[in-house]
Amino acid sequence: MADELTPETPEETEEPIKQRKNGLYPGVSDELAESMKSGWADTELHDLRPIAQAAETAARRAALSARFPGERLVIPAGNLKTRSNDTDYAFRASVEYAYLSGNQTEDGVLVLEPTADGHTATLYLLPRSDRENGEFWLSGQGELWVGRRHSLAEAEQLHGIPASDVRKLPEKLKDATGPVRLVRGFDAGIESALHDKVTAERDEELRVSLSEMRLVKDDFEIGELQKAVDSTTRGFEDVVKVLDKAEATSERYIEGTFFLRARVEGNDIGYGSICAAGPHACTLHWVRNDGPVRSGDLLLLDAGVETHTYYTADVTRTLPVNGTYSEIQKKIYDAVYEAQEAGIAAVKPGAKYRDFHDAAQRVLTEKLVEWGLVEGPVERVLELGLQRRWTLHGTGHMLGMDVHDCAAARVETYVDGTLEAGMVLTVEPGLYFQADDLTVPQEYRGIGVRIEDDILVTRDGNRNLSAGLPRRSDEVEAWMAALKG
């Protein structure tokens with residue numbers, strides 16, 4: 001990584017140049033500074049086409065405007081976060097900001113100003129780094145260090161929203177009058193400017209409202225989720241093809257293989273990939289991915305590609321590393337498959353959100369009682385939740401721009417709510433027999449199985465977006481054999 005001359009723009013310090021403590025250059029000569037101001041071609045982009053979701057983001061802003069008439073709404077993208085010393089984490093804009101604007105750049109802020117008949121939107125962004133004052137080559141976030149950003153005029157063309165310089169926004173907000181609501185937790189500077197104008201209760205109402213708006217996906221969102229799932233399917237195929245290399249190394253080979261697909265076809269992984277081989281499959285969020293991959297064990301792969309517009313898949317398959325389930329592995333796997341089938345069948349418009357969970361849990365409980373692992377009757381086990389020793393988690397969640405999407409929605413509209421066409425959720429039952437669980441026979445211990453698919457609620461039932469990946473045990477074995485040649 002190159003050693004830039006200064007991490008700050010000249011405007012951010014009284015000194016014209018702030019040198020690194022251990023930088024190799026003692027300063028900048030007047031002649032060099034003057035040279036860097038000129039001789040550059042005009043690179044302004046003209047006739048840009050609007051982003052694909054411009055119409056959808058406009059409709060979302062209109063819907064939000066109708067919910068909060070007469071109030072100023074401030075939605076920040078967030079700022080870069082330091083990873084260590086002077087290196088930053090890869091930036092990902094807040095979901096609320098990206099959902100309403102389609103923009104993904106750091107330091108951006110969307111402001112909806114109230115009018116007599118609604119709101120006017122302004123996108124506050126950093127303009128292109130200044131060449132006159134040297135920012136573009138002296139700042140650690142200058143154009144020659146981190147790449148070109150869009151000009152304000154370009155941003156207006158892309159997003160269909162008037163754009164202004166975000167550096168002037170804090171002072172403007174300090175002078176704001178009337179009611180204001182803010183999405184908190186992303187931009188400390190904006191929060192400071194509004195500290196005496198907002199309340200935690202009112203801001204939480206805005207956050208909840210934005211979360212509930214995302215419960216039902218529009219056509220663009222459904223298309224992006226299908227793209228994410230399709231890329232994820234290809235990522236799972238990639239993994240199966242290199243399981244021999246994973247056996248020679250570790251779970252990290254699986255993690256890296258899937259990550260390559262995510263970065264080539266999408267923005268990133270939607271969450272930390274779970275590449276859990278053997279008993280690691282019993283750890284629900286095993287993301288260390290540093291264990292051995294052994295023939296005869298199962299691999300629980302829970303992973304999802306995130307598209308360039310931030311929509312993520314969330315798919316799980318539990319695969320036999322050697323391509324064939326053992327008798328006990330198949331017994332447990334088929335039980336989870338049967339539970340998932342019952343759960344998926346319960347997903348339809350008008351059904352209660354809890355119905356698919358209840359249906360899957362009943363099947364799993366019936367199996368546990370049948371196997372003698374817990375004393376029945378089934379109704380007693382379900383009432384007391386005794387099956388949770390081996391099932392542990394809920395059977396699904398909403399899916400979208402967050403892997404656990406719409407998390408701030410009210411309980412009555414989410415987990416106690418009713419399914420509607422356009423909702424997308426996961427159905428993911430599992431059974432996990434810990435390696436040290438003395439309440440089950442030895443042959444069960446260390447086996448963990450989860451099967452997860454992404455399900456769209458349709459007008460007449462549901463559609464499995466991830467149906468391209470086999471689920472039934474015999475189909476999984478045939479699919480793996482075909483991929484391995």
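Note that this is a predicted model, so its numbers are computed, not measured. (Residues numbered from 1 in each chain as written. Predicted model: local features only at pLDDT ≥ 70, side-chain atom pairs only at ≥ 80, totals over all residues. Heavy atoms only, no water.)

S.K.: Would you mind going over the overall build of the chain with me for this structure?
M.R.: A tally of helices and strands in the chain yields 17 helices and 17 strands. For the chain, the spread of C-alpha atoms along the three principal axes comes to 80 × 55 × 40 Å. By the burial criterion, 50% of the 485 residues in the chain qualify as buried. In the chain, the proportion of contacts linking residues at least 24 apart, taken out of those at least 6 apart, comes to 68%. Summed over all atoms, the accessible surface of the chain reaches about 22,400 Å², with 50% contributed by carbon and sulfur. On the chain, the mean spot of the 55 positive side-chain charges and the mean spot of the 84 negative ones are 2 Å from each other. (Helix = DSSP H or I, 4+ residues; strand = E, 2+ residues; numbered from the N terminus. Buried < 20%, exposed > 50% of the residue type's maximum accessible area, 1.4 Å probe, protein only. Contact = heavy atoms within 4.5 Å. Areas by Shrake-Rupley, 256 points an atom, 1.4 Å probe, with all protein chains shown as cover. Lys, Arg positive; Asp, Glu negative; His and termini not counted. Charge placed at Lys NZ, Arg CZ, Asp CG, Glu CD.)

S.K.: Is there a simple way to think about the UniProt feature "domain: Aminopeptidase P N-terminal" (unreviewed entry) in the chain in this case?
M.R.: Here, the residues flagged by UniProt with the feature "domain: Aminopeptidase P N-terminal" (unreviewed entry) are residues 52-191. Note that residues 52-191 is 34% helix and 22% strand, and that its end C-alpha atoms are spaced 31 Å apart. (UniProt positions renumbered as here; feature names shortened; annotations may be inferred.)

S.K.: Would you explain the environment of Asp-314 in this entry?
M.R.: Inspection of the secondary structure assignment puts Asp-314 in the loop between strand E11 (305-306) and strand E12 (315-320). C-alpha separation for the pair Asp-314 and Gly-185, spaced 129 residues apart in sequence, amounts to 25 Å. In contact with Asp-314, not counting residues within four places along its chain, are Tyr-271, Asp-302, Ala-303, His-397, Leu-399, Val-403, Thr-426, Glu-428, Glu-452 and Asp-454. Separated by 2.7 Å, the side chains of Asp-314 and Tyr-271 make a polar contact. (Polar contact = N/O pair within 3.5 Å; in protein donor to acceptor, adjacent residues only side chain to side chain.)

S.K.: Would you take a moment to explain the confidence of the model for the chain for this structure?
M.R.: When pLDDT drops low, the exact placement of atoms in the prediction is not to be read closely. On average, the chain scores 95 in pLDDT, and the residues at 70 or more come to 96%. Per-residue pLDDT, averaged within each element of the chain, yields its smallest value for helix H4 (residues 135-138) (92) and its largest for strand E16 (residues 453-458) (99). Low pLDDT, under 50, characterises residues 6-15; the predicted model gives this stretch 20 contacts beyond four residues in sequence or across chains. (pLDDT = per-residue confidence, 0-100.)

S.K.: Got a minute to help me understand the nonpolar core in this structure?
M.R.: Proteins that are soluble and globular tend to have nonpolar side chains buried together. Counting residues in hydrophobic clusters, the biggest one holds 47 residues, and the most contacted among them are Ile-254, Ile-332, Trp-371, Leu-431 and Phe-433. If one sorts the elements of this core by residue count, helix H13 (residues 327-345) sits on top with seven residues. Residues contacting Ile-254, with those up to four places away along its chain left out, are Val-239, Leu-243, Ala-246, Cys-275, Val-293, Leu-299 and Leu-301. Within the second largest apolar cluster, 39 residues are counted, among which are Leu-125, Ala-228, Tyr-311 and Val-403. (Core = buried A, V, L, I, M, F, W, Y, C linked by side-chain atoms within 4.5 Å.)

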